[in-house]
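# Observations on chain architecture
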Amino acid sequence: MGLNDSSPGAMRNGRGLSDQWAESVVVRPRTTERHITVHKRLVLGFALSILTLIIVTAVAVVLSVQFEACGTRDRDETTGEPSSRGPGGSAKLNGGRGERMGEKGDEEVVQPWRNSRLPGSVRPRHYDLRLAVYMDNFTFSGEVSIELECINATRFIVLHADRLEVDRVTVTAEGGVGGRPSNRPGGGVMRIHRHFPFPANQMYVVALHREMKPMRVYRLNVSFDAAIEDELLGFFRSSYTMQRERRYLAVTQFSPIHARKAFPCFDEPVYKATFSLTLRHDPQYTSLSNMPVESSSLSDEDGWLTNHFARTPRMSTYYLAWAVCNFTYRETQTDSGVTIRLYARPDAILSGAGDYALHITKRLLGFYQDYFKVQYSLPKLDLLAVPKHPYAAMENWGLSVFVEQKILLDADVSSSSYQMELTMVVVHEICHQWFGDLVTPVWWEDVWLKEGFAHFFEYVGTDFLFPKWNMEKQRFLTDVLHEVMLLDGLSSSHPISQEVEQATDIDRVFDWIAYKKGAALIRMLANVMGQPLFQKGLNDYLLSHMYSNAARDDLWRKLSQAMRSEGRDIDIGEMMDRWTLQMGYPVVTISKNQSEQLPTYYITVSQEHFLYGEEVRKNNSLQWQVPLTVAVGNTSAVCSESLIWINNKTETHRIGQMDDSTWLVGNINQTGYFRVNYDLQNWKLLIQQLHTNPQIISVGNRAGLIDDAFNLARAGYLPQGVPLQLIGYLPEETSFLPWHAASRALYQLDKLLDRTDEYRLFSDYVLKQVASRYHQMGWPTNGPGTEGNVLQASYQTEELQRELIMLACSFGNKQCHRQAVAYISDWISSNKNRIPPNIRDIVYCTGVSLMDEDVWEFIWMKFHSSNAVSEKKILLEALTCSDNTFLLNRLLNLSLTSDLVPEQDVIDVIIHVGRNPQGRNLAWRYFREKWDILNARYGEALFMNSKLISGVTEFLNTERELNEAFNKCLDTFFK
């Protein structure tokens with residue numbers, strides 16, 4: 001144990017040296033004065049000798065082991081073992097600025113690898129990455145050469161590495177940042193003191209003997225080996241069967257923090273660099289990456305293929321991608337010369353399953369270039385359809401990867417809803433080529449800057465492709481706005497921008513708050529600004545930050561500048577910070593107040609934080625800047641809307657002349673992210689309007705009134721009878737959107753009531769509302785689905801028909817059940833599937849639930865024999881609809897313990913079994929028993945665990961089940 005100080009008053013083991021010596025002599029027997037004097041001289045001489053020896057030894061030790069002391073300290077803290085030098089050791093390191101702390105007795109040396117974030121002393125400029133991929137044993141070896149710029153003087157290079165076996169590390173000095181040669185004495189090779197992993201933060205540390213100097217360029221070379229994993233993250237493997245032969249492929253998934261599993265790198269978004277990639281592999285495979293192949297060669301020694309890919313633009317590590325597969329492709333080219341290819345299994349390419357996605361991608365590149373006024377940056381864009389992937393898709397720049405179910409379309413068996421879902425996934429990923437790839441959020445706290453924009457443009461871009469689908473003005477309301485407001489109204493919600501410190505915190509920011517609330521806020525902002533100014537601001541934002549990073553304030557600044565350019569002085573940052581840095585949203589209550597002096601009505605408008613549960617609403621002081629649009633109407637007409645800014649808790653505003661029969665409606669077309677409540681008299685007038693002439697109120701507001709009424713009643717703001725009176729008009733409703741909003745609200749009630757004595761009354765009420773419109777609409781006729789069909793005006797009619805059939809069959813309409821059973825029986829007897837694609841999922845599920853075990857076995861057989869990915873998906877979900885608990889148990893066990901169910905579908909199987917009243921307890925028990933296996937397999941994949949947990953618990957509605965779920969959480973997270 002080192003000595004901190006050689007002064008007489010120094011402490012050792014917490015006690016003064018002189019006191020220790022005093023204690024050692026105090027117990028001696030009393031002697032004569034002479035003896036005592038001699039004794040003191042001997043003691044003094046002995047003490048001086050010992051003290052001199054200690055000082056000399058200490059100096060020698062400090063001079064000889066100055067750097068080794070650091071190494072010992074590093075090694076001890078890496079392994080978690082206590083240091084042999086102890087906490088009082090006095091070794092020092094000549095670390096750079098930011099790597100030393102203030103003195104605490106002696107100077108302590110900061111270890112930057114102990115911080116969860118990279119220190120920032122060096123920055124990567126370019127990666128030269130060379131990999132050899134061995135598909136026979138699923139391993140790979142690599143060498144990476146990273147060109148570094150030193151920002152602050154430092155002896156440490158700290159970067160990320162996870163599960164890599166590092167073999168050799170070298171560092172060289174290459175000169176100044178501007179290319180000037182190095183004048184540093186000693187040449188270009190930097191002597192490395194030691195290098196070691198720090199697994200706690202997934203980092204790798206290279207400690208040098210001498211400091212790197214600011215404004216100098218260095219090169220770090222690392223060779224390493226790793227496995228091609230089977231867990232869907234990093235560089236992982238997948239497989240498929242073709243002509244009874246199992247074939248393998250390997251592909252990357254680096255977002256958000258998994259590039260470090262494939263090569264040592266600075267794996268944070270802000271460390272953008274360029275990449276040159278070389279892949280070497282067996283020539284039977286094809287390799288792909290972000291950029292086109294620049295050159296290829298075959299080895300004379302082993303015949304292996306080496307592909308050198310062109311240098312990328314500056315980008316974040318998690319957008320780098322590569323794949324090694326034996327897929328084939330179809331291609332097309334844009335007018336500007338960008339080559340687009342879709343790679344997939346050879347049989348899928350041959351059947352034309354990728355043609356639809358290829359066609360719309362070409363159109364989308366042109367749409368986004370026109371909308372953003374920024375050209376697509378790369379010479380090519382590959383779409384890769386893989387059998388297994390943790391997410392629907394990943395927007396790697398120039399090589400977007402999709403799970404097959406989200407990009408391959410068999411037009412003869414796919415429903416219009418499946419085609420719509422596939423379309424929106426492609427639209428989402430292509431948008432990311434600008435919002436994400438080109439301009440990347442600085443840090444994960446603002447992940448909504450890319451995900452919110454991509455989710456919003458799912459609807460804008462789909463409207464460009466198919467204008468009659470009317471997605472942004474209609475389906476956005478029910479599928480995004482209403483859905484996320486359910487989540488954001490809970491006391492457990494969080495702000496859309498939330499602090500992220502640890503790597504383990506990153507996964508939690510990828511949730512529906514980031515995606516859907518982000519999209520809803522962007523839509524609100526676009527409507528406040530107006531389309532031309534919104535586009536102008538986005539163009540300036542992209543041009544200013546292209547190939548770089550941006551934060552939310554950068555976006556607000558550009559949008560505010562766009563507003564000021566037209567004389568509109570609105571501080572977008574001040575307005576939007578309220579919406580992004582606070583959790584939740586307001587409920588705006590509008591009350592009519594008649595002035596005694598004027599024949600004009602004034603309205604009182606108040607806002608408060610909307611929360612489910614009156615007990616959690618106490619002492620709430622949150623406020624927002626609310627852009628409230630209001631219109632007044634009566635039985636025959638509605639006036640034009642007016643915009644009112646609500647900045648305070650309560651305000652009074654003047655509205656045009658009104659009488660007792662005039663009603664108010666707020667949040668026109670639901671462009672705002674808030675709920676609207678009214679005084680009871682206004683609710684009564686709105687309900688009367690819906691029952692007499694609903695078309696006076698826009699379809700968006702009809703859907704909004706339904707959703708608001710049910711949720712206001714659920715939260716205690718409205719009497720429970722109001723929403724039920726309101727939907728009494730539904731038999732007269734001819735539009736899909738209000739029915740869709742109503743069905744979502746009714747299914748929420750279904751979850752709560754399905755095991756109560758009142759359930760029969762509830763289901764009879766639903767069937768009464770559905771019956772007349774269901775019988776009027778009837779069932780669709782069969783016919784192959786094509787792109788042309790979805791372009792027709794009948795799309796909304798088809799969706800309404802499907803919604804009514806789903807409600808009728810779900811709540812027990814006998815005629816609906818008979819029709820579904822007839823379709824299944826005809827299929828079994830004729831072996832010809834004449835069920836219209838748009839309702840196959842409903843018919844399959846209804847048939848399996850009502851018919852015997854043979855039907856379940858028939859569907860199981862068809863699931864295995866079908867080659868259409870959309871058909872396989874709904875067949876698998878239909879198997880979860882059985883009332884036979886033995887079959888449900890069998891399916892659950894097969895899903896996790898065999899290859900019969902695709903790995904990415906296992907969670908969906910468990911969730912759908914949980915939605916079956918007969919399978920609810922089975923799924924809950926299975927989840928609890930298999931949690932360790934499920935968490936080990938899917939724990940690192942974004943959304944997977946949260947999706948599973950919410951799925952198996954959404955129908956738990958008793959106090960006993962609540963306690964079980966709570967205890968399971970405690971066992972899981974605190975064991």
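Since the model is a prediction, treat every value here as computed from it, not as a measurement.

Residues of the chain with pLDDT of at least 70 account for 83%, and the chain-wide mean is 85. Across residues 1-43, where pLDDT falls below 50, the model places 24 contacts with residues more than four positions away in sequence or in other chains. In the model, residues 783-793 has pLDDT below 50 throughout and makes 22 contacts with residues more than four positions away in sequence or in other chains.

In this section: the pairing of strand S13 (residues 234-242). Sheet topology places S13 next to strand S14 (residues 245-253); 9 bridges connect them, and they run antiparallel. Bridged to Phe236 within S14 is Val251. Counting the residues in the hairpin turn of S13 and S14 gives 2 residues, including Gln243, whose phi is positive at 50°.

All chains considered together, the criterion is met by 2 disulfides. Covalent S-S linkage joins Cys809 and Cys816, the inter-sulfur distance amounting to 1.9 Å. An S-S torsion of about -90° defines the bridge between Cys809 and Cys816 as left-handed. We note that Cys809, like Cys816, is buried. Cysteine pairing for the chain (bonded cysteines numbered in sequence order): 1-2, 3-4.

One can expect most non-glycine residues to show negative phi and most peptide bonds to be in trans. Note that the residue after Ser255, namely Pro256, is joined by a cis bond; omega there is 0°. Here Pro256 is to be found in the loop between S14 and strand S15 (274-281). Of note, the phi angle at Asn470 is positive, near 55°, even though the residue is not glycine. Structurally, Asn470 is set in the loop between helix H7 (448-465) and helix H8 (471-488).

Within the element layout of this structure, Arg260 appears in the loop between S14 and S15. By relative accessible area, Arg260 is classed as buried at 3%. A polar atom in the side chain of Arg260 sits 2.9 Å from the side chain of Gln202. Among the polar contacts made by the side chain of Arg260, one reaches the main-chain carbonyl oxygen of Ile257 at a distance of 3.2 Å. Aside from chain neighbours lying at most four places away, what touches Arg260 is His160, Ala161, Asp162, Leu164, Asn201, Gln202, Cys265 and Asp267.

How each quantity is defined
Every chain begins its residue count from 1, and numbering advances along the sequence as written. Two thresholds apply to this predicted model, a pLDDT of at least 70 for residue-level local features and 80 or more for giving and counting side-chain atom pairs, whereas whole-chain, interface and lining totals are computed over all residues. By convention in this description, side-chain values take in all heavy atoms of the structure and omit both hydrogens and water. Per residue, pLDDT captures the predictor's confidence, and it can take any value from 0 to 100. Throughout, a contact is declared for two residues whenever any of their heavy atoms are within 4.5 Å. The pairing criterion is simple: DSSP has to find at least two bridges between the two strands. Secondary structure elements are defined from DSSP: runs of H or I of at least 4 residues count as helices, runs of E of at least 2 residues count as strands, and each element is numbered from the N terminus. Throughout, a disulfide means two cysteine sulfur atoms within 2.5 Å of one another. Three labels apply to residues, based on accessible area from a 1.4 Å probe with only protein chains included: buried if under 20% of the type maximum, exposed if over 50%, partly exposed otherwise in between. Throughout this description, a polar contact denotes any pair of N or O atoms lying within 3.5 Å of each other; where both atoms belong to protein, one of them has to be capable of donating a hydrogen while the other can accept it, and for residues adjacent in sequence the pair is counted only when both atoms sit in side chains.

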